[in-house]
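Secondary and tertiary structure notes
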Amino acid sequence: MNERIIEDISEFIFVSDEPLKSDIIFLPGGSHPSVPECGAKLYREGFAPLLMPSGGVSVKFGRWQGAKEKADIYNGDYHTDCEFFTDVLIKNGVPKTAVIEENKSGHTRDNAFFSRKTADERGIDIKSGIIVCKSFHARRCLMLYQLAFPEARLVVFPVDVFGITRDDWYTSQLGTERVLGELARCGNQFVGDIKEYLNVNDN
């Protein structure tokens, strides 16, 4: 395959920024403990005073799927992504008072927009945030949180999971499926949102 194709896809999907001191750390839902573990580390290092784990149950499966790793350490009776992430955060030194939970969302778009609703209901003015998420999920997370928080400066701090990295995703079937799946979703899931954002209509 032409190397330029691989490079361009990698550049688009695998967003990665240096963490900046921010108002909050966003944690889009999932079942990999390495994501909230990374969020807890950034919290301990002073990058943000608050964290917002997001996620209810999967709309695909209708229930929580269980921890993908370290189930011996994180072995609570979790019912949502948010419960799981919150427990990981607390076990990694984050006080419960620093955690703002959003436990209703069932997919990434809701992670972003329900997080905005939660922030507004709590009266939390967010001008900056760090999104900690799976590395191959980074572009879609960033786009959705940018739409939900258009006035905020957002950066992405990605975490590699499933052994999928920017440098070698195309060498495995799982990596190829995950990354090209994200590429497709970034094209087809945003038509209405982007048109609304740009104030474009079909007339």
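This text follows the structure it describes.
Heads up: these notes are all about the structure in this document. (Residues numbered from 1 in each chain as written. Predicted model: local features only at pLDDT ≥ 70, side-chain atom pairs only at ≥ 80, totals over all residues. Heavy atoms only, no water.)

**Topic: the packing of aromatic side chains**
Basically, it comes down to this: Any Phe, Tyr or Trp ring, taking Trp's six-membered ring, that has another such ring centre within 6.5 Å forms a pair; planes under 30 degrees apart are called stacked, those over 60 apart edge-to-face, and the others tilted. Summary of the burial criterion: residues with accessible area below 20% of their type's maximum are buried, those above 50% are exposed, and those between are partly exposed, where the area comes from a 1.4 Å probe applied to protein chains only.
Taken as a whole, this structure holds eight aromatic pairs when the rule is applied. Taken together, a centroid distance of 5.2 Å and an interplanar angle of 65° make the contact between Y78 and F84 edge-to-face. A ring pair is formed by W169 and Y170, whose centres lie 5.6 Å apart and whose planes are at 90°; its orientation type is edge-to-face. With a relative accessible area of 3%, W169 lands in the buried category. Looking at Y170, the relative accessible area reads 40%, which means it is partly exposed.

**Things to note about unusual backbone geometry**
We count it as follows: Helix and strand assignments come from DSSP, with helices taken as H or I runs of at least 4 residues and strands as E runs of at least 2, each series counted from the N terminus.
One non-glycine residue, K70, lies in positive phi territory at about 55°. With respect to the helices and strands, K70 occurs in the loop between β2 (51-53) and α3 (81-91).

**Considerations on the sheet that holds β2**
To keep it simple, the criterion reads: Here a strand pair is declared whenever DSSP counts at least two bridges between the two strands. All axes are obtained by fitting lines to C-alpha atoms, using only the stretch in contact for helices, and the reported angles, taken between N-to-C directions, cover 0 to 180 degrees. Contacts: residue pairs with any heavy atoms within 4.5 Å of one another.
Read across the open sheet, the four strands follow the order β2-β1-β3-β4; overall the sheet is parallel. The open sheet has two edge strands, β2 and β4 (153-159), and neither has a second partner. Between one strand axis and the next, the sheet turns through 20° on average, direction left out of account. Direction of pairing for strand β1 (residues 24-27) relative to β2: parallel, over a ladder of three bridges. Within β2, the residue paired with L27 across the bridge is P53. Packing against the sheet, helix α2 (residues 34-44) makes contact with β1, β2, β3 (128-134) and β4, and its axis sits at approximately 150° to β3.

**Focus on the pattern of salt bridges**
Heads up, the condition is: A pairing counts as a salt bridge when a side-chain nitrogen of Lys or Arg comes within 4 Å of a carboxyl oxygen of Asp or Glu.
Taken as a whole and judged by the stated rule, the model has 12 salt bridges. One salt bridge connects K70 with E37, and the closest N-O pair in it is separated by 3.0 Å. A residue pair is termed long-range when its members are at least 10 positions apart, and K70 in the loop between β2 and α3 and E37 in helix α2 qualify at 33 residues. Among the salt bridges present, the one from E182 reaches R185, with a minimum N-O distance of 3.5 Å. Within this pair, E182 and its partner R185 are both found in helix α6 (residues 173-188), separated by three residues, close to a single helical turn. Of the residues examined, E182 reaches a relative accessible area of 4% and is grouped as buried. Look at R185 and you get partly exposed, because its relative accessible area is 32%.

**Observations regarding the packing of helix α1 (residues 3-13) against α6**
For the record, the criterion: Roughly parallel here means an angle under 35 degrees, roughly antiparallel means over 145, roughly perpendicular means 65 to 115, and every remaining angle is called oblique. Helix crossings get a hand from a simple test, with the near helix turned counterclockwise from the far one by less than a right angle marking a left-handed crossing and a clockwise turn marking a right-handed one. Residues are grouped as follows: Ala, Val, Leu, Ile, Met, Phe, Trp, Tyr, Cys and Pro are nonpolar; Asp, Glu, Lys and Arg are charged; all remaining types, including Gly, are polar.
At a closest axis distance of 11 Å, the pairing of α1 and α6 adopts a crossing angle of 70°. Classified by the interaxial angle, the pair formed by α1 and α6 is roughly perpendicular. In this structure, α1 meets α6 at a crossing whose hand is left-handed. On the side of α1, the interface is formed by I9, F12 and I13, while α6 contributes V179, L180, E182, L183 and C186. For the contact of α1 with α6, the per-class residue count stands at seven nonpolar, no polar and one charged.

**Some remarks on helix α5 (residues 138-148)**
When you tally the buried positions in α5, you get nine out of 11 residues, the bulk of the element. Every buried residue of α5 is accounted for by A138, R140, C141, L142, M143, L144, Y145, L147 and A148.

**What about the packing of α5 against α6?**
Contact geometry for α5 and α6: axes closest at 9 Å, N-to-C directions at 25°. By the angle class used here, α5 and α6 are roughly parallel. Here R139, R140 and M143 of α5 come into contact with α6, specifically with E182, R185 and C186. Along the lines of polarity and charge, the residues of the contact of α5 with α6 split into two nonpolar, no polar and four charged.

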